[in-house]
Each structure stands twice: as structure tokens, then as C-alpha cells.
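# Fold and geometry: a report
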Amino acid sequence: MPGISMRYIVDDVDAAVEFYTRHLGFSVALHPAPSFAILTRNGFRLLVSGTTGPGGASQAMPDGQKPEPGGWNRIQIEVADLEAEVATLRQAGAHFRNEIVQGIGGKQILLDDPAGNPIELFEAPKR
């Protein structure tokens, strides 16, 4: 599968798969093990890897540091109506890091997946 992918480290791969497919329109491309899945949306691939398992994503670094979920790097998903998306996700119990912020480039908000990885929901300015 050549191309560009982004990997998120998650606490629970099944919970991540459920969240991304149910709430954000991703599809499961591959889920070969409990600790790994490939999700796709509009040609984008999101690799979700557990904190344990046989793959390289969960292995400790030479200095002992272990990959963990969270952080601030994020994928961005453009939506047509940010307020409506936020309302739907809040109704479903989703957690947001902030409220909608409006700037010269549009509006955005940071949504957390079940492991605390951020997703930026973005609405471009109306023209």
C-alpha cells in the first residue's frame, strides 16, 4: 500500500475503530490483529496501533521511552458545517479540548479520540 499514512498510538484499537468509523466516516481497510488496524477516508490512511503487541509501533526506544497516545500533532478533517458536526458529536458523548475558534483561515475545534489523540475539525470560510 504505497502512499502517505499517519499513525496514532491508541489504548484500545477496537474502540478507535468504532470511534473513527461511527463518528468520522472512516472505513476499515485492514484489521489483522487486536493491536493494529488501517482506516481510510477519502484516500487518507490512518494507522491505529495499540501500546502493546508484536509490531514495531509499540516497541520502546533505546532510551526506554515508550510510544503513548495523546499529544498535539493531529489529523485535520474538513467539514461543511462545524457547529452541526460538533453538536452531533457532543450528543454522542465525544470529548473536545476546546470550543470552536474562528480565525482568518476558517473555524476549528479539537476533538479527542478515545485514546486522547486530537482530531482537528475544520470549516473553511464561506465565499
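Residues numbered from 1 in each chain as written. Predicted model: local features only at pLDDT ≥ 70, side-chain atom pairs only at ≥ 80, totals over all residues. Heavy atoms only, no water.

## Let's talk about the overall build of the protein chain
Spelled out, the test is: Put simply, DSSP marks the helices as runs of H or I at least four residues long and the strands as runs of E at least two long, and each gets a number from the N terminus on. The size measure is the radius of gyration over C-alpha atoms, and the globule rule it meets is 2.2 Å times the number of residues to the 0.38 power.
The helix and strand inventory of the protein chain stands at 2 helices and 9 strands. Walking the protein chain from its N terminus toward its C terminus, one meets helices and strands in the order β-α-β-β-β-β-α-β-β-β-β. Over its C-alpha trace the protein chain gives a radius of gyration of 15 Å, about what one expects of a compact globule, namely 14 Å for 127 residues. Principal axes of the C-alpha set define a box for the protein chain whose edges measure 50 × 30 × 30 Å.

## Quick look at the packing of aromatic side chains
The test is simple: Think of it this way: a Phe, Tyr or Trp ring, Trp meaning its six-membered ring, pairs with another when their centres are within 6.5 Å, and the plane angle makes it stacked under 30 degrees, edge-to-face over 60, tilted otherwise. Only protein chains enter the accessibility calculation, which uses a 1.4 Å probe; a residue is then buried when its area is under 20% of its type maximum, exposed when over 50%, and partly exposed in between. In this scheme, the term charge over a ring applies when either NZ of a lysine or CZ of an arginine sits within 6 Å of the ring centre and within 35 degrees of the ring normal.
Using the criterion set out here, one finds 3 aromatic pairs in the structure. On the numbers, 5.3 Å between centres and 85° between planes, the contact of F19 with Y20 is edge-to-face. With respect to burial, F19 and Y20 carry one shared label: buried. Arranged with centres 5.3 Å apart and planes meeting at 85°, the rings of Y20 and F26 form a pair that is edge-to-face. Neither residue differs from the other here; Y20 and F26 are each classed as buried. Here R97 stacks its cationic end above the ring of W72, 4.3 Å away from the centre of that ring.

## A closer look at the nonpolar core
Operational definition: As used in this record, nonpolar core signifies buried Ala, Val, Leu, Ile, Met, Phe, Trp, Tyr and Cys residues forming a set joined through side-chain atoms within 4.5 Å.
Judged by nonpolar contacts, the single largest core of 26 residues is most densely connected at Y20, L24, V48, L111, I119 and L121. The set of elements that each furnish at least two residues to this core consists of β1 (5-10), α1 (13-24), β3 (36-41), β4 (44-50), β5 (75-78), α2 (82-91), β8 (106-112) and β9 (118-123). Here this core gets 6 residues from one element, more than from any other, and that element is α1.

## As for the sheet that holds β1
Quick note on the threshold: In this scheme, strands are said to pair when DSSP sees at least two bridges between them. Axis definition: a line fitted to C-alpha atoms, over the contacting stretch in the case of helices. Angles run 0 to 180 degrees between N-to-C directions. Any two residues whose heavy atoms approach within 4.5 Å at even a single point are treated as in contact.
The 4 strands are arranged β1-β4-β3-β2 in an open sheet whose pairing can be described as mixed. Each end of this open sheet is capped by a strand with a single partner; those strands are β1 and β2 (27-33). Ignoring which end each strand starts from, the neighbouring axes of this sheet average 20° apart. The pairing of β1 with β4 spans 6 bridges and is parallel. Within the sheet, the bridge partner assigned to R7 lies in β4 and is L47. On top of the sheet, α1 reaches β1, β2, β3 and β4; it is set at about 10° to β3, its chief contact.

## Here's the deal with α1
Cut-off, in case you're wondering: One less than the number of residues in a helix, times 1.5 Å, gives the span that helix is expected to have. Arc, as used here, means the arc of the directions from the helix axis to the C-beta atoms.
In this model, α1 (12 residues) spans 16 Å end to end at C-alpha, consistent with the 16 Å of a helix rising 1.5 Å per residue. Among the residues of α1, V13, A16, V17, F19, Y20 and L24 are the ones counted as buried. What you see down the axis of α1 is that its buried residues fit within an arc of 165°, all on one side. In the stretch just after α1, G25 is the one whose phi turns positive, near 75°.

## Looking at the side chain of E123
As a reminder, the rule being used: Whenever two N or O atoms come within 3.5 Å, that pair is a polar contact, provided that in protein one can donate a hydrogen and the other can accept it, and provided that, for residues adjacent in sequence, both atoms are side-chain atoms.
Mapped onto the elements of the fold, E123 is located in strand β9. Within the structure, the side chain of E123 is placed 2.7 Å from the side chain of K126, a separation counted as a polar contact. Apart from residues lying up to four places away in sequence, E123 is in contact with V79, A80, D81, L82, E83, G106 and K107.

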